[in-house]
Amino acid sequence: MGVVLLPDLGTEIIVPACAVIGIVFSLIQWYIVSQVKLSPDSGISNNNKNGIAESLIEEEEGLSDHSVVAKCAEIQNAISEGATSFLYTEYQYVGIFMVAFAALILLFLGSVEGFSTSSQECTYDKARRCKPALATAIFSTVSFLLGAITSLASGFLGMKIATYANARTTLEARKGVGKAFIVAFRSGAVMGFLLAANGLLVLYITILLFKFYYGDDWEGLFEAITGYGLGGSSMALFGRVGGGIYTKAADVGADLVGKVERNIPEDDPRNPAVIADNVGDNVGDIAGMGSDLFGSYAESSCAALVVASISSFGINHEFTAMLYPLLVSSVGILVCLFTTLFATDFFEIKAVREIEPALKKQLIISTAIMTVGVAVITWVALPPSFTIFDLGSQKEVKNWQLFLCVAVGLWAGLIIGFVTEYYTSNAYSPVQDVADSCRTGAATNVIFGLALGYKSVIIPIFAIAISIFVSSSFAAMYGIAVAALGMLSTIATGLAIDAYGPISDNAGGIAEMAGMSHKIRERTDALDAAGNTTAAIGKGFAIGSAALVSLALFGAFVSRASISTVDVLTPKVFIGLLVGAMLPYWFSAMTMKSVGSAALKMVEEVRRQFNTIPGLMEGTAKPGYANCVKISTDASIKEMIPPGALVMLTPLIVGTLFGVETLSGVLAGSLVSGVQIAISASNTGGAWDNAKKYIEAGNSEHARTLGPKGSDPHKAAVIGDTIGDPLKDTSGPSLNILIKLMAVESLVFAPFFATHGGLLFKIF
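Residues numbered from 1 in each chain as written. Predicted model: local features only at pLDDT ≥ 70, side-chain atom pairs only at ≥ 80, totals over all residues. Heavy atoms only, no water.

- The chain appears in an unreviewed UniProt entry as H(+)-exporting diphosphatase from Halostachys caspica.
- Per UniProt, the chain carries the Subcellular location (unreviewed entry) text "Endomembrane system". (UniProt positions renumbered as here; feature names shortened; annotations may be inferred.)

Listed below in structure tokens is the structure:
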């Protein structure tokens, strides 16, 4: 098989060292952001960040205006308090679920061998004895709780960083768009590196601690580790759905009454829903997204580790080769760190038109360097040839083939990202066509937007299909798992770019509410417009990686449940396929309806305040922001439970009552239909949003013929944007969690389903 160049001691140093470097780098970025003071006596930091000369500052507007600084601090505090309060409330409910579900894992998995404490026959090697099923139940429960807590912490830290940075970005915009960009991007990097490093470190420490008990039983050890991915994704589901309902209820209410009915600007302080809208950006787009991508990372790592544990790496106890997925992630942190310096230190943004290219370069540079990094780590960490478990047999694989699996996932992610950008950025013809369709009203805008979303599915699906074919041909299910890991290997940069968008959006809202000049609002709008497109790219990455992750988890589930083939002509499997394909529609219906009913209450409350508070439109009276925050909070907490229950209970009910074959059909069906709906929903919503911004900006002759704000085409665009809000920020992003979560849950409960599942078929 050959010798591994990197000794086990090297792996034991590299993985935690890279995680610590990531955490330290994020803290340095946070410290630099903190130098922008939010107190009137300091105004703006005079710190010459990164050697950027003062001569490069475009225009210093009102730097000594202490009242503006105080107002920004006050608004930031209100947004931060609203977001913190919501997450505390959400986490109380989620905490109860977490404890209840942990008890369920313990009960179901412990009952596989009747809660016996004696060793059992190994699943894949019948000649060996493995640790008891009760041990797997206990350790799976512990890893589930660790994954859940890490996921919640990732979301909470992200929200705290974003609310810390939003007003600082606004204040730096007075110095110029370049300064504001650096603050927003650094803040995004804090979240990106903290999440990537914490996820890696907690997983690594968990493996080491479990190893003390499991010893040479790596099959049992890594089966128990899958609970980590389940914990991460289950929390992400509630974070995405709850946060998505919150943010879109506020957004729809603010837009429909403020922009369409009252003809006032976005984020106007007279709008009662404006604080709730800005809070929503943080709890949905930041906290929800952070938990989501952490879940993807945890699951892809767990899927790869489970398959590796029953391959030659696990059988021969090759520690370095076994932890290859973690080494790839470790290299990813270093690559992303170097890439971040291109945006913050090596080059400076001097004009608005340079913002979007700078963010796109982050993706290209990180992908290119990561390809080299993966080649190096594959060469030193893997033997020249080895065997990979492939549905009952061992497939011989060369190390260069595994490198190609990671690389194909990495570059497929970039392709999906750029196709998403093409269909959602107003710099290209698809969105401009949607904007042009607003001439004849909202109906044609909706038709064009839906068509764009459906069409945008084509290339990403081919990219995912090619990735699956190449990686599966080379290294079976392990190849698909590491391809997903390749797509997520630059997660720190992806998250930094993703978090940059909501921070810039909040910065624009604060500028409007603080009454800052039109020029500053133009700068924050430019930052926000670029962030909007990059957020769509981030969603593309998340959906693409979810497809690969869930397929890898599906493969691991089929192996663990001892299913030799999944035959779609078998009635048991086919009915599962049909039901599975229906689930994303059911789930989307629930989340869309939730946003609609919450938005209805919000619209009524905003209208009530405009109609009953004297002087509100004139700006002499203050709106009741707290009422709108309460509506969003109550609605999201109440409405996140049914969709969450649908996803979490489906595998348990199907596996227990109908057995593993029907469950395999459900997983395949939900994967196939869920990916398509998620891509089209996200891109349709993103296109409508940017079509509206295209008209509002009026940067081209064509855009000016459709404007200005308040014109009939603009009102039609606002209606399209409002319809698209729950598609792109609630249903679409949540669907990728649905397909991953059902797959990882099925894998965790596979021992129970294989032993006790299919009760109905046993009875009849």
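## Brief notes about the overall build of the chain
Working step 1: Helix and strand counts for the chain stand at 24 helices and four strands.
Working step 2: Rg of the C-alpha trace for the chain: 25 Å, near the compact-globule value of 27 Å for 764 residues, within the 12% margin.
Working step 3: Dimensions of the chain along its principal axes, counting C-alpha atoms only, are 80 × 60 × 45 Å.
Working step 4: For the chain, the residues scored as buried account for 65% of the 764 residues in total.
Working step 5: Contacts spanning at least 24 positions in sequence make up 85% of the contacts within the chain whose residues lie at least 6 apart.
Working step 6: One finds the centroid of the 48 positive side-chain charges in the chain at a distance of 1 Å from the centroid of its 62 negative side-chain charges. (Helix = DSSP H or I, 4+ residues; strand = E, 2+ residues; numbered from the N terminus. Rg over C-alpha atoms; globule rule 2.2 N^0.38 Å. Buried < 20%, exposed > 50% of the residue type's maximum accessible area, 1.4 Å probe, protein only. Contact = heavy atoms within 4.5 Å. Lys, Arg positive; Asp, Glu negative; His and termini not counted. Charge placed at Lys NZ, Arg CZ, Asp CG, Glu CD.)

## Considerations on the pairing of strand β3 (residues 385–390)
Working step 1: Burial runs high along β3: five of the six residues are buried.
Working step 2: In the sheet, β3 pairs with strand β4 (residues 393–398) via six bridges, with the strands oriented antiparallel. Bridge pairing in β4 places D390 opposite S393. (Pairing = 2+ DSSP bridges.)

## Thoughts on the confidence of the model for the chain
Working step 1: Looking at the chain, pLDDT values average 88 and 96% of them are 70 or higher.
Working step 2: The lowest-confidence element of the chain is strand β1 (residues 120–121), averaging 76 in pLDDT; the highest-confidence one is helix α13 (residues 442–455), averaging 96. (pLDDT = per-residue confidence, 0-100.)

## Things to note about the packing of aromatic side chains
Working step 1: Summed over all chains, the structure comprises 31 aromatic pairs.
Working step 2: Relative to F210, the ring of F139 lies with its centre 4.8 Å away and its plane at 70 degrees, an arrangement referred to as edge-to-face. Here F139 is found in helix α3 (residues 133–172), whereas its partner F210 is found in helix α4 (residues 177–214), with 71 residues between them in sequence.
Working step 3: Members of the aromatic cluster, connected to one another through ring pairs, are F97, F101, F108, F144, F238, F749, F752 and F753.
Working step 4: When the ring centre of Y213 is taken as origin, the NZ or CZ atom of K131, which lies over that ring, is 4.8 Å away. (Phe/Tyr/Trp six-rings, centres within 6.5 Å; stacked < 30°, edge-to-face > 60°. Lys NZ or Arg CZ within 6 Å of the ring centre and 35° of its normal.)

## Topic: the pattern of salt bridges
Working step 1: Tallying each qualifying case throughout the model produces 25 salt bridges.
Working step 2: Across the salt bridge formed by K248 and D251, the nearest N and O atoms sit 2.9 Å from each other. Of the two residues, K248 and D251 are both situated in helix α5 (residues 218–261); the distance of three residues between them amounts to about one turn of the helix. The exposure classification of K248 matches that of D251, with both residues buried.
Working step 3: The partner of E701 in a salt bridge is R704, and the shortest N-O contact between them spans 3.5 Å. Of the two residues, E701 and R704 are both situated in helix α21 (residues 701–706); the distance of three residues between them amounts to about one turn of the helix.
Working step 4: A single network of salt bridges, built from pairs that share partners, joins K248, D251, D528, D689, K692, K693, D721, D725, K728 and D729. (Salt bridge = Lys/Arg side-chain N within 4 Å of Asp/Glu carboxyl O.)

## Concerning the packing of α13 against helix α20 (residues 660–697)
Working step 1: Put simply, α13 and α20 touch, their axes get as near as 8 Å, and they point 135 degrees apart. One finds that α13 runs oblique with respect to α20. By crossing handedness, the relation of α13 to α20 is classed as right-handed. Seen from α13, the contacting residues are N445, V446, G449, L450, L452, G453 and Y454; seen from α20, they are S680, N683, T684, A687 and W688. (Axes fitted to C-alpha atoms, helices over the stretch in contact; angles between N-to-C directions. Parallel < 35°, antiparallel > 145°, perpendicular 65-115°, else oblique. Left-handed = near helix turned anticlockwise from the far one by under 90°.)

## Points about the environment of G544
Working step 1: Structurally, G544 can be placed in helix α16 (residues 518–560).
Working step 2: Here G544 falls in the buried class, since its relative accessible area comes to 1%.
Working step 3: Sequence-wise, G544 and D433 are 111 residues apart; in three dimensions their C-alpha atoms are separated by 26 Å.
Working step 4: Other than its neighbours up to four places away in sequence, G544 contacts I416, I464 and M487.

## Concerning the nonpolar core
Working step 1: In this structure, F181, Y324, I355, Y478 and F557 are the most contacted members of the largest nonpolar core, which totals 230 residues.
Working step 2: The greatest single-element share of this core, amounting to 22 residues, is contributed by α4.
Working step 3: Here Y324 is in contact with V374, I377, T378, A381, L382, L402, V406, Y478 and V482, once residues within four sequence places are set aside.
Working step 4: Within the second largest apolar cluster, 18 residues are counted, among which are V434, A681, A691 and I695. (Core = buried A, V, L, I, M, F, W, Y, C linked by side-chain atoms within 4.5 Å.)

## Some words on helix α22 (residues 712–748)
Working step 1: Across its 37 residues, α22 extends 54 Å between first and last C-alpha, which sits within 8% of the 54 Å expected from 1.5 Å per residue.
Working step 2: The sharpest bend along α22 reaches about 35 degrees and sits at G724, with the proline P726 one to four residues further on.
Working step 3: In terms of residue burial, α22 counts as a mostly covered element, since 33 of its 37 residues are buried. (Expected span 1.5 Å × (residues − 1). Bend = angle between axes of the 7 residues up to and from the residue.)

## Points about the side chain of K248
Working step 1: A relative accessible area of 2% places K248 in the buried class.
Working step 2: A polar contact of 2.9 Å, which involves the side chain of K248, links it to the side chain of D729.
Working step 3: Ignoring sequence-local partners within four residues, the contact set of K248 consists of V595, D725, P726, K728, D729 and T730. (Polar contact = N/O pair within 3.5 Å; in protein donor to acceptor, adjacent residues only side chain to side chain.)

## Quick word on a nonpolar patch on the surface
Working step 1: A cluster of nonpolar side chains, namely V568, L569, F574, L578, V579, M582 and W586, defines an oily patch on the protein surface of about 700 Å² accessible area.
Working step 2: Relative to the assigned elements, W586 resides in helix α17 (residues 571–612). (Patch = residues over 30% accessible without salt bridge, like charges linked within 9 Å, V, L, I, M, F, W, Y side chains within 5 Å. Areas by Shrake-Rupley, 256 points an atom, 1.4 Å probe, with all protein chains shown as cover.)

## Digging into unusual backbone geometry
The bulk of non-glycine residues show a negative phi, and the bulk of peptide bonds are trans.
Working step 1: Of note, the phi angle at F115 is positive, near 60 degrees, even though the residue is not glycine.
Working step 2: Within the secondary structure, F115 sits in the loop between α2 (66–110) and β1.
Working step 3: For F115, a relative accessible area of 42% corresponds to the partly exposed category.
Working step 4: At H317, a position not held by glycine, the phi torsion is positive, near 55 degrees.
Working step 5: With respect to the secondary-structure elements, H317 resides in the loop between α7 (312–315) and α8 (319–322).

## Thoughts on the packing of helix α11 (residues 399–424) against α16
Working step 1: Packing of α11 against α16 leaves a shortest axis separation of 8 Å and a crossing angle of 140 degrees. Classified by the angle between their axes, α11 and α16 sit oblique to one another. With respect to the hand of their crossing, α11 and α16 are arranged in right-handed fashion. Contact residues: α11 offers G413, L414, I416, G417, T420, E421 and T424, while α16 offers T533, A536, I537, G540, F541 and G544.
Working step 2: Looking at the contact of α11 with α16, its residues break down into five nonpolar, seven polar and one charged. (Nonpolar A, V, L, I, M, F, W, Y, C, P; charged D, E, K, R; others polar.)

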